[in-house]
Amino acid sequence: MTKEHNIYDDRTLVQMVREGDSTAFDTLFTRHSEMIYATLLKFTGNSDDVDDLMQEAFMKAYLKIGLYNPKYDFGAWIYTIARNTFVDFSRTRKSNALNPQNLPLESGESTQVSTPTPEDYIINAQQRAQIERYISMLPEDYRQLFELRFIDEYSYEEIAEKLDMKLGTVKTRIFRVRNMMCRLITEGEEHNEKQNDNG
């Protein structure tokens, strides 16, 4: 499936994701993951946390794909998400190694995010329904954590305060729930592909 999607440019792939073809996002991930990995490695200075940060950045991009403005480069958009993910990570770690507020934007990059039009809401209805279905399949306590982190974009510290939970526990559970969601999405796509093959 992914090989078939390689013929499309980023904007077309985004449109396909919006219309419910989540496998098109796999191609976007493959196409941009090397650049995002290198970016996060540069920010962190070590590889220990890069995979986790990259997975989180792409998860946010998938959930917020309806906000992507096709006037701007998708690579720049995912770069901004990855950068902001690192900013939050850095604040949580209280790291002084880098000042994330001063991290440079890449040449030509814009953080511009457009407000979806009514047409966009119609186009994104199927994707939203899929995401809501996956979220509803999470255990209740993990569902709340997922929504706070990835939908409402609370920081780890804000979640810990809101839920009266230790910061370390929040980090561990969010790591688990992110993996749960990735597994649900993957299993859902495999099920859809089997149905299409049988159809």
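Right, let's walk through the structure included here. (Residues numbered from 1 in each chain as written. Predicted model: local features only at pLDDT ≥ 70, side-chain atom pairs only at ≥ 80, totals over all residues. Heavy atoms only, no water.)

## Examining unusual backbone geometry
For residues besides glycine, phi is generally negative; the peptide bonds are generally trans as well. Here the phi dihedral of Glu153 falls at roughly 60°; this positive angle occurs in a residue that is not glycine. Taking relative accessible area as the criterion, Glu153 reaches 44% and is therefore assigned partly exposed. (Buried < 20%, exposed > 50% of the residue type's maximum accessible area, 1.4 Å probe, protein only.)

## Digging into the packing of helix 2 (residues 10-18) against helix 3 (residues 23-44)
At a minimum axis separation of 8 Å, helix 2 and helix 3 run at an interaxial angle of 145°. Crossing of helix 2 over helix 3 shows left-handed handedness. Seen from helix 2, the contacting residues are Asp10, Leu13, Val14, Met16 and Val17; seen from helix 3, they are Ala24, Phe25, Thr27, Leu28, Arg31 and His32. (Axes fitted to C-alpha atoms, helices over the stretch in contact; angles between N-to-C directions. Helix = DSSP H or I, 4+ residues; strand = E, 2+ residues; numbered from the N terminus. Left-handed = near helix turned anticlockwise from the far one by under 90°. Contact = heavy atoms within 4.5 Å.)

## Side note on the packing of helix 8 (residues 140-151) against helix 9 (residues 156-163)
Following both chains from N to C, one finds helix 8 and helix 9 inclined at 140°, their axes separated by 10 Å at the closest point. Considered as vectors, helix 8 and helix 9 are oriented oblique to each other. In terms of crossing hand, the pair formed by helix 8 and helix 9 is right-handed. Taken together, the residues of helix 9 that come into contact with helix 8 (itself represented by Gln144, Leu145, Leu148 and Arg149) are Tyr156, Ile159, Lys162 and Leu163. (Parallel < 35°, antiparallel > 145°, perpendicular 65-115°, else oblique.)

## Topic: the packing of aromatic side chains
What the rule picks out here adds up to ten aromatic pairs. Centre to centre, the rings of Phe43 and Tyr79 are 6.4 Å apart; their planes meet at 65°, and the pair counts as edge-to-face. In this pair, Phe43 is assigned in helix 3 and Tyr79 in helix 5 (residues 74-93), connecting sequence segments 36 residues apart. Accessibility classification places Phe43 together with Tyr79 in one group, the buried group. When the ring of Tyr68 is compared with that of Phe74, the centres are 5.5 Å apart and the planes differ by 75°; the resulting orientation is edge-to-face. The same class applies to Tyr68 and to Phe74, which are both buried. Every member of this aromatic cluster is reached through a ring pair, and the members are Phe25, Phe29, Phe58 and Tyr62. In this arrangement the basic side chain of Arg133 is found over the ring face of Tyr134, its NZ or CZ atom lying 5.3 Å from the centre. Positioned over the ring face of Tyr156 is Arg149, at 4.3 Å from the centre of the ring. (Phe/Tyr/Trp six-rings, centres within 6.5 Å; stacked < 30°, edge-to-face > 60°. Lys NZ or Arg CZ within 6 Å of the ring centre and 35° of its normal.)

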